[in-house]
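Residue strings, one per chain:
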Amino acid sequence: MDYLNLVFSALTLLATVTLGVIQITWMIARDVFRDKHKARHDSWDKK
């Protein structure tokens, strides 16, 4: 039973770390790309 608790704790820790990294990455990406304008296609300028 002790082994099962250890495995469950390790999986819980892995899931928590993964979700935390995803949230931090999302916050950084949102802050970095917040003020970027959408790219226009080059053919629009050639008209």
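All values reported here derive from a predicted model rather than from experimental measurement.

So, how was this worked out
- Residues numbered from 1 in each chain as written.
- Predicted model: local features only at pLDDT ≥ 70, side-chain atom pairs only at ≥ 80, totals over all residues.
- Heavy atoms only, no water.
- Helix = DSSP H or I, 4+ residues; strand = E, 2+ residues; numbered from the N terminus.
- Areas by Shrake-Rupley, 256 points an atom, 1.4 Å probe, with all protein chains shown as cover.
- Salt bridge = Lys/Arg side-chain N within 4 Å of Asp/Glu carboxyl O.
- Buried < 20%, exposed > 50% of the residue type's maximum accessible area, 1.4 Å probe, protein only.
- Patch = residues over 30% accessible without salt bridge, like charges linked within 9 Å, V, L, I, M, F, W, Y side chains within 5 Å.

## Overview of the overall build of the chain
Then comes step 1: Within the chain, the regular secondary structure consists of one helix and zero strands.
Then comes step 2: Accessible area of the chain: about 5100 Å², with a carbon and sulfur share of 67%.

## Here we look at the pattern of salt bridges
Then comes step 1: Tallying each qualifying case throughout the model produces one salt bridge.
Then comes step 2: Notably, a salt bridge pairs Arg34 with Asp31, separated by 2.7 Å at the nearest N-O pair.
Then comes step 3: Relative accessible area serves as the criterion here: at 58%, Arg34 is assigned to the exposed category.

## Some points on a nonpolar patch on the surface
Then comes step 1: A cluster of nonpolar residues, Tyr3, Leu6, Val7, Leu11 and Leu14, forms a patch on the protein surface that exposes about 550 Å² of accessible area.
Then comes step 2: Using a relative accessible area of 57% as the deciding quantity, one classes Leu6 as exposed.

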